[in-house]
Amino acid sequence: MPPKFKQNTSKAQPEATPLKSPTRSKVGPPVKYSIQSNAPSNSSNGPRVLYWFRTDLRIHDSPAIHHALSLEPSAFIPIWTWDPHYVYRARVGPNRWKFLLESQQVLSDRLKELNPKQKLHVVREGPTTVIPKLIRKWKIDVLVFEKDTDAYAKDRDKEVFEKVGALSKELGREVKVVTTVMGRTLFDPDELVKKNGGKPTMTMAQTVKAAEQIDPGDGGKKGEPRRCLPTPTWLPDPLDPTEMDLSSAAEFQHEVPDRKPDVNEGQRGLDKEEQHYENVAGPNNDFAVVTLEEMAIDPKMAMTPHKGGELEALRLLKSYIDNEEYVGTFEKPKSSPADFEPQSTTLLSPHHHFGTLSIRKFWWDVQEVFEKRKKAGKTNAPEPTNFPGQLLFRDMYFGAQAALGWAFAQTQGNPIARFIPWHLQSNYSDSPVGEHLLDGTYNVDDEKAEEYFRRWKEGRTGFPWIDALMRQLKYEGWMHHLGRHSVASFLTRGGCYVSWERGAEVFEEWLIDHETACNVGNWMWLSCTAFFSQFTRVYSPIAFGKKWDPEGHFVRKYVPELKNFDSKYIYEPNKAPIADQKRWGCQITGDGIDTGTEEMAKYPKPMFDFSEMRSFCLDKMKEAYGAHLYGDDPKVLSGEWKKIFEYPEGGVKKDEAAGTMSKPKKRTRSVEEHTDAYGTDADVGYLTDEEPPHKAKRGNNTKGSKGGQLKLDGIVTRGKK
Ligand SMILES: Cc1cc2nc3c(=O)[nH]c(=O)nc-3n(C[C@H](O)[C@H](O)[C@H](O)COP(=O)(O)OP(=O)(O)OC[C@H]3O[C@@H](n4cnc5c(N)ncnc54)[C@H](O)[C@@H]3O)c2cc1C
């Protein structure tokens, strides 16, 4: 008889042997739960288990699935709840929806492979209302899900706990709620915080020190993430279809959510009513995965070439792991932000976010490569710039977020966020879950800053490196880490002097790998709000791209109107003689709204003098640092900071003459003295001042290939003819 779990070890466990103590094998999985290897049929007297998938859309190395199956269920019902919070209140663009829906479909197919009666049951209602109803209707005994330390998730899960507790009393029988360890990070973020003295993890050193005190609980060493768990090879049945059917349940009152406010309204694209909440089990009453069309999202707007789903994640991981040289020598600062097809880093981040790839599998597979290389006398790249270091950075941000909750993702009330009187600051409102939460709007204190922000977002700043990166983000949903450095520095302290929160919101909307902890943490880092403070290190929007990609292949792909420009002008096309601009089919003029014609495109001039704005920002940063204010300071919360920085009380602050931001003061030091083409994150070795060699290049890297032009059909629309 086949065991319920596939053993990922060289020594398969003997059949019908419940494992009492965890054992370790080379690649990993100690077996924490007893494995019953009876015939693959439902246990007749086991509990009915409702399994709630969230950010764990996989069957490999899943602590919660593992636990659920160890209960030997008489029925196992895997669900996904279609939470209106993510549909209407969190910013999610078409690309991320596409990635999620693909991931769900692949998961559903994977479940079906394990048992033809199984699938992912998508229930189209918020979890806090639908779960108690499902428990009642399906006579569930145990609800199982994986822990999540995101601020929203914590509140939501607490509410589910309370509601199930109340239901349990009402029904007069025990309904258990089991939350298993978090599978989305290497270490439990709450544990990291505990071992860090109750404080947010703010540096790599703190994170590693805290991790070193955590026992993985599987026989492994302190400081090591726990080993991977086996993949199930069989699943129990759900209930029979008549019992599953919700349409016939008179007591099942489907709650259609309030659509307003809908922060995603502008990007649905199809001129039709949304249908995804019409029926709790979908239009065919079969719990099918929602479609983009049902959400009124135009599939043409979901252009990302990056595919969701566990199989793609495992395929990608294997392709890297098979390339031992790449894994062993990978150093983030040496990977090029200008590489594409393939990119220079793994692009596994969206899979980590949705849990289509276990973060621990990535960790342990890399460790195995390191071991192999060590045995062969080869050296491996050092932490933190190597792959394990990258994963630890991720945990660091999760630890910081876990300690601070909602406050982590905003300035007001945030004790780690240095207060900087940026333009376009967030508006706040009191809220039932806490004081001073972002209300989703921002204050346009300066029209010019608003224009800079719009042009940055839409990739029409007139700086081709910045515009190429922003268009890559918008259309593909991903950007290399150092590209993110460039555009984040440019929007905040190294160009536009616009609040990091505006940038984080755009990333939230467009990234397929959006992860609040990492996004907010990195935006605070790049804007020198928290984690990093060397604000004199500014990325040049010209020199930085040029260093990596002198020929401008990346710019030519994503800003195709410049594709014929000579390399000499590709980063500063405004400097090209007019006759050449005409010859190359693109005039450098305007603000980028009028994109010209097929015959003669238009690309904007730089929207400002970078050197001037850089100096202006440096002065402002110096002033802000001098004031020593943080987000939780009473002067920040009360608005008294406006007096300190002579900030306008409200409305739009315009320069008398031209409606520009208050004039940049001339600095005594030259721009060159400050402008560091690479920037330096000495603390973490993100970047070095060295010439960036393409050391950790992937096998068939096509950087520099002629085939790199992007066919941006429908992207860069040519206006009037
Ligand atoms: C302004 C800004 C915003 C960001 N927003 C996000 C976000 O929303 N979600 C997100 O996952 N990452 C974010 N990052 C971090 C980083 O840019 C991405 O994780 C990385 O580029 C993803 O590409 P990759 O999978 O090829 O990374 P790789 O270089 O292959 O790294 C492997 C994995 O390590 C993790 N990782 C790598 N670098 C970081 C980092 N600095 N912080 C946290 N985790 C890291 C990711 O899970 C990644 O998949 C942001 C960085 C910046 C500067």
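Please read all numbers here as calculations on a predicted model, not as lab measurements.

Most of strand S5 (residues 142–146) is tucked away: 5 of the 5 residues are buried. Where burial is concerned, the two faces of S5 agree: the one with Val142, Val144 and Glu146 and the one with Leu143 and Phe145 are both buried. Across 5 bridges, the pairing between S5 and strand S6 (residues 176–180) is parallel. From the neighbouring strand, valine 142 faces S6, where its bridge partner is lysine 176. Crossover handedness for the path S5 to helix H5 (residues 151–171) to S6: right-handed.

Within the largest apolar cluster, 119 residues are counted, with the highest numbers of intra-cluster contacts made by Trp456 and Phe531. It is helix H13 (residues 387–404) that contributes the most residues to this core, 9 residues altogether. Each of two domains, domain 2 (310–404) and domain 3 (412–546 + 610–674), supplies a minimum of three residues to this core. Within the second largest apolar cluster, 37 residues are counted, among which are Phe53, Ala64, Trp97 and Ala302.

Turning our eyes to something else, we now look at the packing of aromatic side chains. Summed over the entire model, instances satisfying the criterion amount to 41 aromatic pairs. Between tyrosine 88 and tyrosine 277, the ring centres sit 6.2 Å apart and the planes meet at 35°, which makes this aromatic pair tilted. Of this pair, tyrosine 88 sits in helix H2 (residues 84–89) while tyrosine 277 sits in the loop between helix H8 (241–244) and helix H9 (310–321), and the two are 189 residues apart along the sequence. The residues tyrosine 88 and tyrosine 277 share a single accessibility class, namely buried.

Let us look at empty space enclosed by the protein. Using a probe with the size of a water molecule, rolled over the atoms, empty space left in the structure can be pinpointed. Scanning all chains against the criterion turns up 6 cavities of 30 Å³ or more. There is about 660 Å³ of room inside the largest cavity. Forming the boundary of the largest cavity are 34 residues, of which Lys332, Ser349, His481, Arg484 and Asp513 lie nearest the centre. Of all the secondary-structure elements, those providing two or more residues to the lining of the largest cavity are helix H11 (349–354), H13, helix H16 (481–491) and helix H18 (516–526). Per-element accounting of the lining of the largest cavity gives the leading share, 6 residues, to H13. Its residues assigned to classes, the lining of the largest cavity comprises 17 nonpolar, 12 polar and 5 charged. Per-domain counts for the lining of the largest cavity show at least three residues from each of domain 2 (310–404) and domain 3 (412–546 + 610–674).

With that out of the way, let us pick up H13. Since one α-helical turn is 3.6 residues long, residues separated by three or four positions face the same way. With 18 residues, H13 extends 27 Å between its outermost C-alpha atoms, agreeing within 8% with the 26 Å of an ideal straight helix rising 1.5 Å per residue. Burial analysis of H13 places 17 of its 18 residues in the buried class, which makes it a mostly covered element. Two or three places before glycine 389, at the opening of H13, asparagine 386 has a side-chain oxygen 2.9 Å from that residue's backbone nitrogen. With its phi angle positive at about 65°, glycine 405 sits one or two positions after the end of H13.

Contact pair H16 / H18: the axes reach a minimum separation of 9 Å and the direction vectors enclose 60°. The angle between H16 and H18 falls in the class oblique. In this structure, H16 meets H18 at a crossing whose hand is right-handed. Facing H16, whose interface residues are His481, His485, Val487, Ala488, Ser489 and Leu491, H18 presents Asn522, Trp523 and Leu526. A per-class count over the contact of H16 with H18 returns 5 nonpolar, 4 polar and no charged.

Conventions and cut-offs
- Residues numbered from 1 in each chain as written.
- Predicted model: local features only at pLDDT ≥ 70, side-chain atom pairs only at ≥ 80, totals over all residues.
- Heavy atoms only, no water.
- Buried < 20%, exposed > 50% of the residue type's maximum accessible area, 1.4 Å probe, protein only.
- Helix = DSSP H or I, 4+ residues; strand = E, 2+ residues; numbered from the N terminus.
- Pairing = 2+ DSSP bridges.
- Right-handed = clockwise from strand over helix to strand, strands pointing away.
- Core = buried A, V, L, I, M, F, W, Y, C linked by side-chain atoms within 4.5 Å.
- Domains from an automatic or database assignment.
- Phe/Tyr/Trp six-rings, centres within 6.5 Å; stacked < 30°, edge-to-face > 60°.
- 1 Å grid on protein atoms, 1.4 Å probe; cavity = no way out; pocket = protein on both sides within 12 Å on 5 of 7 lines; lining within 4 Å.
- Points joined across faces, edges and corners; volume = space filled by probe spheres on them.
- Nonpolar A, V, L, I, M, F, W, Y, C, P; charged D, E, K, R; others polar.
- Expected span 1.5 Å × (residues − 1).
- Polar contact = N/O pair within 3.5 Å; in protein donor to acceptor, adjacent residues only side chain to side chain.
- Axes fitted to C-alpha atoms, helices over the stretch in contact; angles between N-to-C directions.
- Parallel < 35°, antiparallel > 145°, perpendicular 65-115°, else oblique.
- Left-handed = near helix turned anticlockwise from the far one by under 90°.
- Contact = heavy atoms within 4.5 Å.

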